[in-house]
Number of protein chains: 2
Amino acid sequence: MAASYFSNGSGSAPSLLDLLIESLRCLPGVGPKSAQRMAFHLLQRNRDGAKTLADTLSRAIREIGHCKACRIFSEHEYCSICLDASRIRSKICVVESPADVLTIEKSTDYKGLYFVLMGRLSPLDGIGPKELGLNILEDRLKKDTVEELILATNSTVEGEVTAHVLSEIAGKQNVQTTRLAQGVPIGGELEFVDQNTIAQAFAGRKSY
Amino acid sequence: MAASYFSNGSGSAPSLLDLLIESLRCLPGVGPKSAQRMAFHLLQRNRDGAKTLADTLSRAIREIGHCKACRIFSEHEYCSICLDASRIRSKICVVESPADVLTIEKSTDYKGLYFVLMGRLSPLDGIGPKELGLNILEDRLKKDTVEELILATNSTVEGEVTAHVLSEIAGKQNVQTTRLAQGVPIGGELEFVDQNTIAQAFAGRKSY
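All of the points below concern the structure found in this document. In this text the structure is predicted, and so the values were computed from the model without any measurement.

**Remarks on the packing of aromatic side chains**
Working step 1: If you walk through the whole model with that rule in mind, you get four aromatic pairs over all chains.
Working step 2: Measuring from ring centre to ring centre gives 5.8 Å for F40 of chain A and F73 of chain B, while their planes differ by 35 degrees; the resulting arrangement is tilted. Placement of the pair is F40 of chain A in helix α2 (residues 32–45) and F73 of chain B in strand β2 (residues 73–74), with the two residues belonging to separate chains. Of the two residues, F40 of chain A and F73 of chain B, both sit in the buried class.

**Considerations on the environment of G112 of chain B**
Residue and element names in this part refer to chain B.
Working step 1: Of note, G112 is situated in the loop between α5 (98–107) and β4 (113–116).
Working step 2: For G112, a relative accessible area of 0% corresponds to the buried category.
Working step 3: Along the chain, G112 and H41 lie 71 residues apart, while their C-alpha atoms are 44 Å from each other.
Working step 4: Setting aside chain neighbours within four positions, we find G112 in contact with I81, R87, I88 and K91.

**What to know about the side chain of S23 of chain B**
Working step 1: Within the secondary structure, S23 of chain B is located in helix α1 (residues 16–24).
Working step 2: Judged by relative accessible area, S23 of chain B falls into the buried class, the value being 7%.

**Some thoughts on helix α7 (residues 157–172) of chain B**
Residues and elements named next belong to chain B.
Working step 1: Relative to the 22 Å expected for 16 residues at 1.5 Å per residue, α7 spans 23 Å between its end C-alpha atoms, a close match to the ideal helical length.
Working step 2: Taken residue by residue, α7 has G159, T162, A163, L166, I169 and A170 as its buried positions. Here the buried residues of α7 occupy an arc of 120 degrees about the axis, which is enough to place them on one side. In α7, those exposed residues whose orientation departs by more than 90 degrees from the buried face are V157 and K172.
Working step 3: Immediately beyond the C-terminal end of α7, within one or two residues, lies N174, with a positive phi of roughly 55 degrees.

**Notes on helix α3 (residues 47–63) of chain B**
Working step 1: With 17 residues, α3 of chain B extends 24 Å from end C-alpha to end C-alpha; this agrees with the ideal 24 Å at 1.5 Å per step.
Working step 2: Residues of α3 of chain B that are buried include every one of G49, A50, L53, A54, T56, L57, A60 and I61 of chain B, and no others.
Working step 3: As for α3 of chain B, its buried residues are in contact with α1 (16–24), α2 and α3 (47–63) of chain A together with α2 (32–45) of chain B.

**Digging into the sheet that holds strand β5 (residues 148–151) of chain A**
Residues and elements named next belong to chain A.
Working step 1: If you walk across this open sheet you meet the four strands as β4-β3-β5-β6, and the pairing is parallel. Both outer strands of the open sheet, β4 (113–116) and β6 (176–179), are each paired with one neighbouring strand and no more. On average, each strand axis in the sheet is inclined to that of its neighbour by 25 degrees, with strand direction left out of account.
Working step 2: Bridging between strand β3 (residues 91–95) and β4 involves four bridges; their strand directions are parallel. The residue of β4 that forms the bridge with V94 is F115.
Working step 3: Each of β3 and β4 touches helix α5 (residues 98–107); the most contacted strand, β4, lies at about 155 degrees to it.

**Structural notes on the interface of chain A and chain B**
Working step 1: Facing the 59 residues of chain A at the interface are 59 residues of chain B.
Working step 2: In total, about 5600 Å² of surface goes out of reach between chain A and chain B, with carbon and sulfur atoms giving 71% of it.
Working step 3: Our count for the contact surface shared by chain A and chain B stands at six residue pairs in polar contact (both at pLDDT 80 or more).
Working step 4: Within the residue set of the side of chain A that touches chain B, elements represented by two or more residues are α1, α2, α3, β2 (73–74), α4 (80–83) and α5 of chain A.
Working step 5: It is α3 of chain A that contributes the most residues to the side of chain A that touches chain B, 15 residues altogether.
Working step 6: Here the residues of the side of chain A that touches chain B are counted per class, giving 33 nonpolar, 17 polar and nine charged.

Cut-offs applied
Residues numbered from 1 in each chain as written. Chains lettered and ligands numbered in written order. Predicted model: local features only at pLDDT ≥ 70, side-chain atom pairs only at ≥ 80, totals over all residues. Heavy atoms only, no water. Phe/Tyr/Trp six-rings, centres within 6.5 Å; stacked < 30°, edge-to-face > 60°. Helix = DSSP H or I, 4+ residues; strand = E, 2+ residues; numbered from the N terminus. Buried < 20%, exposed > 50% of the residue type's maximum accessible area, 1.4 Å probe, protein only. Contact = heavy atoms within 4.5 Å. Expected span 1.5 Å × (residues − 1). Arc of directions from axis to C-beta. Pairing = 2+ DSSP bridges. Axes fitted to C-alpha atoms, helices over the stretch in contact; angles between N-to-C directions. Buried area = accessible area lost by both parts, 1.4 Å probe. Polar contact = N/O pair within 3.5 Å; in protein donor to acceptor, adjacent residues only side chain to side chain. Nonpolar A, V, L, I, M, F, W, Y, C, P; charged D, E, K, R; others polar.

Here it is as structure tokens:
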């Protein structure tokens, strides 16, 4: 711990300010310098905001769990999307993270349901089918009348492997699977698009 | 609030996740996207860290105040530097923020005391002598036998004005003032140093 000039009394014990700086480092992308800046800022200029943050954080950890049907974050047993009667229940879109749900909701007019893996298959990190809740998804495919399973995992190696495993599960229940189109991004100049994308886009060319 | 897809029940009330994302924005440099990423990260991967952060933050807001002598953050009445019997009590270094104390402690072998303004004179923002605790500093200059007041405010317009006001207060008590040297930074190439700095460095040239 670099900042120990604020230590007090016995000398060896870290001060409360040191503890605060250290605990702020649990935030992603926050190193020792940013943590120190955040701590000073909160104590000096925004104690009210800091209090709200502390209280909301405590409550969120206690109360926010996962939707029983789609595994997205939810304070209730089922999330608002799964409870929404206007959504088409015969389509399920599988994504890796809750942020992907937000992205799809913002960018498209998709009105089906979701299933959030909360990760991707990665055996080396100990993330297998059970960690991704694939048994819950399989149950849904068995019980509900699902017509299309949209595989919207990332276009990375792990994402592709995960999509493949998902398609096998869907195949067993005779559910059709689709995968997001791959190709040149809108506004992209060919010169600056990577070779793999060009190759995929070229192979997947459509009549114009 | 952009992310309201997690809202539940009544529909209009923001969800706890929305509240968490909103409250994380009290941190400096954290916009809506980073706040969302932080919230997801804490809920998905580091609930223990989040709990520690919430608890430490609550405690810090309650317990961390300011040292009665130098105004730096302290859980106790006086900070560890002011209580340290080995520090030279005839020198006081005036800085704008607690971070400046850390910087000077790390970079120099200064063994005197400090006075932290917690800001700089800025009448338009309502920051006058009282907000900077200049009366507390004046009392120290009157009561203690201070020989040197080191003006280590920033080298900005507000910092210079603040230094000037401090020197007037010191003058009334017949205390000598010094100011950090200005010039070309170590490792700096003349070509890339700004004109004001070059002018100052040129005017302040020393025999070699």
